[in-house]
Amino acid sequence: LREPTTGLSLPNDKANELLGRRVALRDVVDGHLRALKRLPAVSGRVFILAAPTGLRREDLPRLPDASWLLEERVPAAAAAL
């Protein structure tokens, strides 16, 4: 585990890292394999692999402030922040 760079507690820093900067190798491999299957049709194009946002259509009126999102959907993660 690296030292926090945000000035926040280590659990808080780790939670932020997991929320936005991690990817499962399985998902990266799956994305590459899907792109390879379509290679003739998509040659030379850029593919961006992205995780679902966790938002629903009914959440849109409550944005751009999403501070409630973790608290409602993932209370354990919100506690670490």
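These figures come from a predicted structure and were not determined experimentally.

1. Some remarks on the overall build of the protein
Point 1. A count of helices and strands for the protein gives five helices and zero strands.
Point 2. Listed N to C, the secondary structure of the protein is α-α-α-α-α in terms of helices and strands.
Point 3. By residue count, 14% of the 81 residues in the protein fall in the buried class.
Point 4. The long-range share in the protein, meaning contacts at least 24 apart out of those at least 6 apart in sequence, stands at 20%.
Point 5. On the protein, roughly 6900 Å² of surface is accessible, and the fraction owed to carbon and sulfur atoms is 59%.

2. Some points on the confidence of the model for the protein
Point 1. For the protein, the mean per-residue pLDDT works out to 75, and 70% of the residues sit at or above 70.
Point 2. Mean pLDDT across the elements of the protein ranges from a minimum in helix H1 (residues 10-20), with 64, to a maximum in helix H2 (residues 25-37), with 88.

3. Some remarks on a nonpolar patch on the surface
Point 1. Together, Leu25, Val29, Leu33, Leu36 and Leu39 make up a nonpolar patch on the protein surface, roughly 490 Å² of accessible area in all.
Point 2. Structurally, Val29 can be placed in helix H2.
Point 3. The class for Val29 is partly exposed, based on a relative accessible area of 42%.

4. So, the environment of Ala35
Point 1. With respect to the helices and strands, the residue Ala35 is situated in helix H2.
Point 2. Linking Ala35 and Val46, residues 11 residues apart in sequence, is a C-alpha distance of 9.7 Å.
Point 3. Residues contacting Ala35, with those up to four places away along its chain left out, are Val42 and Phe47.

5. Let's talk about the pattern of salt bridges
Point 1. Tallying each qualifying case throughout the model produces three salt bridges.
Point 2. Residue Arg73 pairs with Asp59 through a salt bridge whose shortest N-O separation is 2.8 Å. Of this pair, Arg73 sits in helix H4 (residues 67-73) while Asp59 sits in the loop between helix H3 (39-42) and H4, placing them 14 residues apart in sequence.
Point 3. With relative accessibility at 25%, the residue Arg73 sits in the partly exposed group.
Point 4. On the basis of relative accessible area, Asp59 is assigned to the buried category, the value being 3%.
Point 5. Across the salt bridge formed by Arg62 and Glu72, the nearest N and O atoms sit 2.7 Å from each other. Of this pair, Arg62 sits in the loop between H3 and H4 while Glu72 sits in helix H4, and the two are 10 residues apart along the sequence.

Rules behind the numbers
- Residues numbered from 1 in each chain as written.
- Predicted model: local features only at pLDDT ≥ 70, side-chain atom pairs only at ≥ 80, totals over all residues.
- Heavy atoms only, no water.
- Helix = DSSP H or I, 4+ residues; strand = E, 2+ residues; numbered from the N terminus.
- Buried < 20%, exposed > 50% of the residue type's maximum accessible area, 1.4 Å probe, protein only.
- Contact = heavy atoms within 4.5 Å.
- Areas by Shrake-Rupley, 256 points an atom, 1.4 Å probe, with all protein chains shown as cover.
- pLDDT = per-residue confidence, 0-100.
- Patch = residues over 30% accessible without salt bridge, like charges linked within 9 Å, V, L, I, M, F, W, Y side chains within 5 Å.
- Salt bridge = Lys/Arg side-chain N within 4 Å of Asp/Glu carboxyl O.

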